Amino acid sequence: MNEENLSILALIMNASVLVQAVMVILLVASVMSWVMIVQRGLFLNNAQTSFKLFEDTFWSGIDLADYYHELTEKAKEVGVTDGIENVFRAGFREFSRLSQSDKADPDAVMEGTDRAMRVALSREDEKLSINLPFLASVASVSPYIGLFGTVWGIMNSFRGLAMVQQATLATVAPGISEALIATAMGLFAAIPAVIAYNRYAAKVEALNSSYETFSDEFSSILHRQVHSR
Amino acid sequence: MRDSLSYGIGILFSLTVHGLVLWALVIGWQPMTQQIVIQPQYIEAKLVQLAPKKKAVNKPKKPANNAAQKKREKQKRLENEKRKEQARKERRRKAEDDRKEQERLTAEKRALAEKERLEEAERQRQLIETEFADAIAAEQSLINAQEDEIAANSYRQLIQRRLSENWNRPPSARREMETTIRLQLVPTGRIVGVTVLKSSGDTAFDRSVEQAAFKVDQFIELQSMSPVLFEKKFRQVDVAFSPQDLRL
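S.K.: Tell me what's going on with the overall build of chain A, and back it up with residues and numbers.
M.R.: Helix and strand counts for chain A come out as seven helices and zero strands. Ordered by position in the sequence, the α and β elements of chain A form the string α-α-α-α-α-α-α. Taking all 229 residues of chain A together, 29% fall into the buried category. Excluding contacts between residues fewer than 6 apart, the proportion of contacts in chain A whose partners are at least 24 apart in sequence is 82%.

S.K.: Break down the overall build of chain B for me, with residues and values.
M.R.: Scanning chain B from N- to C-terminus turns up five helices and four strands. Secondary structure elements of chain B, listed N to C terminal, follow the sequence α-α-α-β-β-α-α-β-β. The 248 residues of chain B split such that 8% are buried. When contacts within chain B are restricted to residue pairs at least 6 apart in sequence, long-range pairs at least 24 apart make up 75% of them.

S.K.: Which residues make up unusual backbone geometry, and what are the values?
M.R.: Even without being glycine, N131 of chain A reaches a positive phi, approximately 75°. Inspection of the secondary structure puts N131 of chain A in the loop between helix 5 (106–128) and helix 6 (132–163). A count of 18 C-beta atoms within 10 Å places N131 of chain A in the partly exposed class. Even without a glycine there, the phi angle at D217 of chain B is positive, about 65°. Relative to the helices and strands, D217 of chain B resides in the loop between helix 4 (203–216) and helix 5 (227–234). Of the residues examined, D217 of chain B has 12 C-beta atoms within 10 Å and is grouped as exposed.

S.K.: Report on the interface of chain B and chain A, specifying residues and quantitative values.
M.R.: Listed as interface residues are 17 residues of chain B and, on the opposing side, 13 residues of chain A. For the side of chain B that touches chain A, the element with the most residues is helix 1 (residues 2–28) of chain B, which contributes 12 residues. For the side of chain B that touches chain A, a count of residues per class yields 10 nonpolar, six polar and one charged.

S.K.: Explain the nonpolar core residue by residue, including any values.
M.R.: Residues and elements named next belong to chain A. By size, the foremost hydrophobic cluster in this structure holds 26 residues, and its most contacted members are L26 and A193. If you list the elements that add at least two residues to this core, you get helix 2 (17–58), helix 6 and helix 7 (169–227). The element that contributes the greatest number of residues to this core is helix 2, accounting for 11 residues. Ignoring anything within four residues of it in the chain, the contact list for A193 reads S33, L135, V138 and A139. F95, L121, L128 and L222 belong to the second-largest nonpolar core, a separate cluster that totals 20 residues.

S.K.: If you had to explain the confidence of the model for chain B to someone new, which residues and values would you point to?
M.R.: Residue and element names in this part refer to chain B. Per-residue pLDDT for chain B has a mean of 79; in total, 82% of the residues score no lower than 70. Mean pLDDT per element in chain B: strand 4 (residues 245–247) is the minimum at 50, and helix 3 (residues 86–165) is the maximum at 88. Counted against residues more than four places away or in other chains, residues 36–41, with its pLDDT under 50, gives eight contacts. Scoring of the predicted complex yields 0.52 for pTM and 0.73 for ipTM.

S.K.: So what's going on with the environment of V151 of chain A? Which residues, and what values?
M.R.: Within the fold, V151 of chain A resides in helix 6. Taking the C-alpha atoms as reference, V151 of chain A lies 9.3 Å from T183 of chain A; in sequence the two are 32 residues apart.

S.K.: Please set out the packing of helix 2 (residues 67–81) of chain B against helix 3 of chain B residue by residue, giving values where relevant.
M.R.: Residues and elements named next belong to chain B. In the contact formed by helix 2 and helix 3, the axes pass within 12 Å of each other and the chain directions differ by 170°. Considering their axes alone, helix 2 and helix 3 lie roughly antiparallel with respect to each other. In this structure, helix 2 uses A68, K71, Q75, L78 and E79 to contact helix 3, whose residues at the interface are K89, R92, E96 and K100. Tallied by class, the residues present in the contact of helix 2 with helix 3 amount to two nonpolar, one polar and six charged.

S.K.: For the pairing of strand 1 (residues 179–185) of chain B, give the residues involved together with the corresponding values.
M.R.: Residues and elements named next belong to chain B. Pairing of strand 1 with strand 3 (residues 236–242), which is carried by six bridges, proceeds in the antiparallel orientation. Bridge pairing in strand 3 places Q184 opposite Q236. Here six bridges tie strand 1 to strand 2 (residues 191–198), and the two strands are oriented antiparallel to one another. Its bridge partner being in strand 2, R182 is matched across the sheet by T195. Here strand 1 folds back onto strand 2 in antiparallel fashion, the turn holding five residues, of which G189 has a positive phi close to 95°.

S.K.: Pulling in residues and values, what's your account of helix 3 of chain B?
M.R.: Here helix 3 of chain B contains 80 residues, and its C-alpha end-to-end distance of 118 Å stays within 8% of the 118 Å for a straight helix at 1.5 Å per residue. Counted residue by residue, helix 3 of chain B has three buried out of 80 residues, so it is predominantly exposed.

Here is what the cut-offs are and how they apply
- Residues numbered from 1 in each chain as written.
- Chains lettered and ligands numbered in written order.
- Predicted model: local features only at pLDDT ≥ 70, side-chain atom pairs only at ≥ 80, totals over all residues.
- Helix = DSSP H or I, 4+ residues; strand = E, 2+ residues; numbered from the N terminus.
- Buried ≥ 20, exposed ≤ 12 C-beta atoms within 10 Å, placed from the backbone.
- Contact = placed C-beta atoms within 7 Å.
- Nonpolar A, V, L, I, M, F, W, Y, C, P; charged D, E, K, R; others polar.
- Core = buried A, V, L, I, M, F, W, Y, C linked by C-beta atoms within 7 Å.
- pLDDT = per-residue confidence, 0-100.
- Axes fitted to C-alpha atoms, helices over the stretch in contact; angles between N-to-C directions.
- Parallel < 35°, antiparallel > 145°, perpendicular 65-115°, else oblique.
- Pairing = 2+ DSSP bridges.
- Expected span 1.5 Å × (residues − 1).

Listed below in structure tokens is the structure:
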């Protein structure tokens, strides 16, 4: 009677090459998706708090030109800035440049400012939703990959069953068990990815709409200023 | 840069989570199976100690004091003999009344004490009764366990008999060989799994033991067993086979 070790490690080690490959893929996908989950979580939280901070300062009645200079100084120091302040800076820069030329038509000034802000907005949107497609792919594909490994493993164990004369449950059971590990791993990778994707997609949506709202408000302020001259 | 920092945190967290999951799987995969150790049955005699009932002892009442009567007679005589000592007699009567009052009070006190003692005795008796009931309950559960054990033993003997009837020893069997198998049973009495726990070293011998279990296939009598007992003792049964006898 051969010693049958049914520990999960032994099952993985004894699995066929294809099933092992599937397992490795799933493990890598799971590790990467967790990296994304944590990184995105930190990034989005950061974006939310900085947006709140920016809005508080913006509506506190501060002089906009001073605030613009302050933010530009900060941006020069740090190097890269994210979030709503980029939109603000792009709009304000464009506005001041256009309105400095004397023969500027107010409508043209507003048009240029809006365009600059729209560009900055779409850049920020891209930054927010980076990596989210990866999470979505892991969430939807990894159960299938796991299923593929399982089907392949079960196929093999049934083929093995056909070869032996005396078929018992014990001949197929280890094969099926090892094959099912692949499905388990697929689900293990998929479930957190699904949850994180849904959560982060909602967050990105909310942030985007608040960015847009802000840019509209800012645009209306500038509009008032241009036309009151 | 902030991005690389957050990625670093992410990588660290992810690796930690996966490491933990792997560790948990490797450590905690094998579930513990409980081995049934079959021991000879002893008759356990247990002494149930019961404290003897305490009897409330009623002390006899003290004989009534008849000093009063004597006094009264003496007083009569005094009245007859000396009418002059009216004042003194008056005084004495008064003293007599006082003493009577005193006696009445002491009698009352004594009655109260008596009542208290009776109540105390009653409480004691109730306490003893509850202790007695507890002891009876404990005794009953012990008896139940013993009955279970007896029933289990009879089923064990049945399993042993069936297996030995269906066991064909191979020619290679030797006296010192021993194979232990584990039978997995379901409540219908059917054998759903046979695993060799301890091999004898001889494949033919091991196979013969397994074949015996397969031939038996079902212990119909196990259906009459109480489900609790089955779950407790007969979900998994380990049987040791060796040529001089078959023992459970």
